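This is what each chain is made of:
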Amino acid sequence: MPAVPKVTIYHNPKCGTSRNVLGLVRNTGIEPEIIEYLKTPPTREKLRELIAQMVVPVREVVRQKEAIYQELGLDGQGDEALLDAMLAHPVLINRPIVVTPLATRLCRPSEAVLDILPLPQRGAFSKEDGEQVINERGERVTKP
């Protein structure tokens, strides 16, 4: 029996997008390593590594809609200040970040995870709001 690929999700269980992504991962038959980053934040080195793997600017990983973002005056700040803020206030880390053997990605919208999963979907899946993402044959549903 082939080994199940390792998948890690940096997860916030209070976030609907994060819960949907977790559901899509599990719909492949993979039980991922779940890191609740608000309880167990990544180290500075790990956060840098994840950002480098995603090949995105540091600012793209910052939740700019959080009140603390404005309170700290993070508009216009450089990468080091943004990293400092995310480490001091993990709620500023955008989520969910998913690591698979294929890639590391910030999975917003939740369907973005489908492009990096190493195994196919095994059945139908609908988001919490009822939007069907995967049909009964395990195929991605395209919007008209």
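Quick notes on the rules
- Residues numbered from 1 in each chain as written.
- Predicted model: local features only at pLDDT ≥ 70, side-chain atom pairs only at ≥ 80, totals over all residues.
- Heavy atoms only, no water.
- Core = buried A, V, L, I, M, F, W, Y, C linked by side-chain atoms within 4.5 Å.
- Buried < 20%, exposed > 50% of the residue type's maximum accessible area, 1.4 Å probe, protein only.
- Helix = DSSP H or I, 4+ residues; strand = E, 2+ residues; numbered from the N terminus.
- Contact = heavy atoms within 4.5 Å.
- Arc of directions from axis to C-beta.
- Pairing = 2+ DSSP bridges.
- Axes fitted to C-alpha atoms, helices over the stretch in contact; angles between N-to-C directions.

A. Spotlight on the nonpolar core. Formed by 21 residues in total, the largest nonpolar core has its most connected members in Ile51, Val61, Met86, Leu92, Ile93 and Ile97. Counting residues per element, the ones that place at least two in this core are α2 (44-54), α3 (67-71) and α4 (79-88). If we skip the residues at most four places from it in the chain, Leu92 touches Val61, Val62, Arg63, Glu66, Ile68, Tyr69, Leu72, Leu74, Ala85 and Met86. Judged by nonpolar contacts, the second largest core, of 17 residues, contains Leu22, Val25, Cys107 and Ile116.

B. Just helix α1 (residues 16-26), in detail. Residues of α1 that are buried include every one of Ser18, Asn20, Val21, Leu22, Gly23, Leu24 and Val25, and no others. At its buried positions, α1 is contacted by β1 (8-11), β2 (33-36), β3 (97-99), β5 (125-126) and β6 (132-134).

C. Layout of α2. Looking only at α2, the buried set comprises Leu47, Leu50, Ile51 and Met54. For α2, the arc enclosing every buried residue in end-on projection is 95°, short of the 170-degree limit, so these residues lie on one face. Residues of α2 that are exposed and angled more than 90 degrees away from the buried face: Glu45 and Ala52. In this structure, the buried side of α2 is in contact with β1, α4, β3 and β4 (104-106). Val55 occupies a position one or two residues after α2 and carries a positive phi of about 55°.

D. View of the sheet that holds β1. Read from one edge of the open sheet, 4 strands run β2-β1-β3-β4, paired in mixed fashion. Looking at which strands have only one partner, the edges of the open sheet turn out to be β2 and β4. Across the sheet, the mean angle separating the axes of adjacent strands is 15° when strand polarity is ignored. One ladder, built from 3 bridges, connects β1 with β3; its direction is antiparallel. Paired with Thr8 across the two strands is Val99, which belongs to β3.

Coordinates in, geometry out; function isn't part of it.
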